[in-house]
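Topology and contacts: notes
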Amino acid sequence: MSPKYLLAALGLSLALAGCAQSSAPSRSFNDPLALRYINDHGVLVDVQVPAKDLVTASMIIDAKTALTAQQTSQNVVNAARGTGLAGLLVVSALSTQMGSATLERNARDEARKDAQPMAALIGGQPLDTRLQARYRQASIGAGLRPATNAIAGRLLIRPNIILEADRGSFRLFNEVELQDIAGSALYHARIEVISQSFRRCGVGCVDDGELDLNKVMEVLDGCIDESMKVLAQDIQTQGVAGKEQTLRYVLNGQRHVERGQLLSSTDGYTRYRSLDGAVRSAPVQLEGTHNVPLLQQIAGAPAVQP
Amino acid sequence: MLLRTARHCLALVLLFATLSGCSSFVQKPIDLDAQFWNDKSPVIGVALSPLPPPQLALIGNQGLLELAINKGINSKLSDQVSAWELHDLETLPDEVVASLKAKGLNAKRIPDLIDLTKFKETEKREGYLARNISELQSRYGVDRVLLISYTTTGAFRSYYSVVPTSVPTPQVGGIGMLVDPKDSRLVWYKPFAVVQPAQGEWDQPGYSNLSNAFYQAVDGSRQQVLSAFNK
């Protein structure tokens, strides 16, 4: 390979790596003064419902299809080898992510379609006032002192509803920030609560695919209550969490495996801090967290340290 | 003349050695048969072999200089991959023992890691482990050895020269085998491999999606091993 091509390839490679860098997710932080500020001054809950796309759906890409797409990209690159390095560079730039990109585009279109029924259902409600009232009520229920006058903290909440892969439950995604009276942030976190199933029991208790507004709002209210409990816990405990571990659970027939730090959990919810800093809460029991000693007793020997 | 003949002989020997190397067989998977489940008397010792540390494999068509460049570009990712943990696999033999006991079989955990490379190599034969592990029978008081051997952990990324042709993808692979230590006969042989692409962007700060995908791959491999005994 001539140095000219090598340099060009290196430049493109670096450029590609640069292009692939995603924007940094918002960092969680928890000022020790946050709790004192709430206790001293109280908080005014301010819910900012997004003007569009309040309801979206998660993209579903299964591992097997993703791998096939990746192989397709690889095949395109292999086929382009005859065109020389310059040709390969162009094709590679287009196709390194091409298989995955096509897959993602299709999955995004599908997700948009899947989110429409629920978006239409709750879009017909006076959502701003309803959510404002519910979050305010939930924050008081979680033990966060409400504001009594204008000198108070501002609890800014930006909610989003994201349908889960099973399309029968959703994730209430809250971007939460506590600001002091001067507007300086004392606490910032992403709190995600996975809902119970919102599917209604149709005739003969068979899911007929239709959505029931009352059922959906009831499930949403449950998520809001849990979100505020998680927030109160996170502020009170200063974000102290357990050791990082693999968390496994089955929710609505879907197996979830995620790495995170367990937080103390109550009310049938399991709470944990994920690797990206978000605090998640799911209405599940974890698999295999309490039975390791029992397992080793059954097996007849303690596990070794590899 | 003599020198030329000798040179031709040497070439033939080399060619033969190469060809015989190429023709070495690949052991096919062997399923557990009904006899295994019906015969409750043999003591089955379940063990794990030493786990290979997770590493980033840069695969594809690269020269030495290009490989060095690619390693440099991926050094941060490489460090992250090396930091991934394999503790989840430590309890896998215990879970296999529990599954076997639930089926009424006589199983126990072998407390040590079994490194097959430490055992004497024997002739390669279809249906037999090419190592003499007979000493395990008396050492642990077992009639069968069920060994879970991980051969690959980490992630791979393919390159053509210095051009990446794939995103980094976590992978975990290995072999599960049940061996009769008396004669090294394979009663069960199951290679497993899980390739788990990251869901979403792979290059987030801290590589959270990629790390999650790795732990999902580890979990997937556990499920593959356990599925053989949970039928």
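Residues numbered from 1 in each chain as written. Chains lettered and ligands numbered in written order. Predicted model: local features only at pLDDT ≥ 70, side-chain atom pairs only at ≥ 80, totals over all residues.

1. Overview of the overall build of chain A
- Scanning chain A from N- to C-terminus turns up 8 helices and 10 strands.
- Every one of the 306 residues in chain A was classed for burial, and the buried ones make up 30%.
- Pairs at least 24 apart in sequence give 68% of the contacts found in chain A among residues at least 6 apart. (Helix = DSSP H or I, 4+ residues; strand = E, 2+ residues; numbered from the N terminus. Buried ≥ 20, exposed ≤ 12 C-beta atoms within 10 Å, placed from the backbone. Contact = placed C-beta atoms within 7 Å.)

2. Overview of the overall build of chain B
- The number of helices and strands found in chain B is 7 helices and 9 strands.
- Split into buried and exposed, the 231 residues of chain B put 39% on the buried side.
- Within chain B, residue pairs in contact and separated by at least 24 positions form 70% of the contacts whose partners lie at least 6 positions apart.

3. Points about the confidence of the model for chain B
- On average, residues of chain B score 89 in pLDDT, and 90% of them reach the 70 mark or higher.
- Interface confidence for the predicted complex, given as ipTM, is 0.78, next to a pTM of 0.78. (pLDDT = per-residue confidence, 0-100.)

4. Regarding the packing of helix 6 (residues 127-141) of chain A against helix 7 (residues 213-236) of chain A
All names here are of chain A.
- At a closest axis distance of 8 Å, the pairing of helix 6 and helix 7 adopts a crossing angle of 45°. Relative to helix 7, the element helix 6 lies oblique. Crossing geometry of helix 6 relative to helix 7 is assigned as right-handed. Residues Arg 134, Tyr 135, Ala 138, Ser 139 and Gly 141 of helix 6 touch helix 7, and the partners they reach there are Asp 221, Ile 224, Asp 225 and Met 228. (Axes fitted to C-alpha atoms, helices over the stretch in contact; angles between N-to-C directions. Parallel < 35°, antiparallel > 145°, perpendicular 65-115°, else oblique. Left-handed = near helix turned anticlockwise from the far one by under 90°.)

5. Side note on the confidence of the model for chain A
- When pLDDT is averaged along chain A, the result is 79, and 69% of the positions lie at 70 or above.
- Of the regions scoring below 50 in pLDDT, residues 10-25 of chain A engages in 22 contacts with residues more than four places distant in sequence or in other chains.

6. A few points about the environment of A:Ala115
- Looking at the secondary structure, you find A:Ala115 in helix 5 (residues 98-123).
- Sequence separation of A:Ala115 and A:Ala57 is 58 residues, and the distance between their C-alpha atoms is 5.4 Å.

7. Digging into unusual backbone geometry
Residue and element names in this part refer to chain B.
- Here the phi dihedral of Ser 161 falls at roughly 60°; this positive angle occurs in a residue that is not glycine.
- Residue position: Ser 161 is located in the loop between strand 6 (144-160) and strand 7 (163-164).
- With 24 C-beta atoms counted inside 10 Å, the residue Ser 161 sits in the buried group.
- The phi dihedral of Ser 184 falls on the positive side, at around 65°, and the residue is not glycine.
- Residue position: Ser 184 is located in the loop between strand 8 (169-180) and strand 9 (185-195).
- Overall, the presence of 20 C-beta atoms within 10 Å leaves Ser 184 in the buried class.

8. Details of helix 6 of chain A
Residues and elements named next belong to chain A.
- Compared with the 21 Å implied by 1.5 Å per residue over 15 residues, the 21 Å span of helix 6 between its first and last C-alpha is a close match.
- Each element contacted by the buried residues of helix 6 is listed here: strand 2 (43-47), strand 4 (153-163) and helix 7.
- Just beyond helix 6, the residue with positive phi is Gly 143, at close to 95°. (Expected span 1.5 Å × (residues − 1).)

9. Brief notes about the pairing of strand 2 of chain A
Residue and element names in this part refer to chain A.
- Here strand 2 shows one buried face, formed by Val 43, Val 45 and Val 47, and one open face, formed by Leu 44 and Asp 46.
- When strand 2 meets strand 4, the two strands line up parallel, connected through 5 bridges. Bridging across to strand 4, Asp 46 finds its partner in Leu 156. (Pairing = 2+ DSSP bridges.)

10. Some points on the environment of A:Ile191
- For A:Ile191, the location among the structural elements is in strand 6 (residues 185-194).
- Residues in contact with A:Ile191, not counting those within four places in the same chain, are A:Asn174, A:Val176, A:Ser227, A:Val230, A:Leu231 and A:Val279.

11. Some details on the packing of helix 5 (residues 92-102) of chain B against helix 7 (residues 208-227) of chain B
All names here are of chain B.
- With their axes 10 Å apart at the nearest point, helix 5 and helix 7 run at an angle of 25° to one another. Here helix 7 runs roughly parallel to helix 5, going by the angle between their axes. Where helix 5 crosses over helix 7, the handedness of that crossing is right-handed. The residues of helix 7 that touch helix 5, namely those facing Leu 92, Glu 95, Val 96 and Ser 99, are Arg 222, Val 225 and Leu 226.
- A per-class count over the contact of helix 5 with helix 7 returns 4 nonpolar, 1 polar and 2 charged. (Nonpolar A, V, L, I, M, F, W, Y, C, P; charged D, E, K, R; others polar.)

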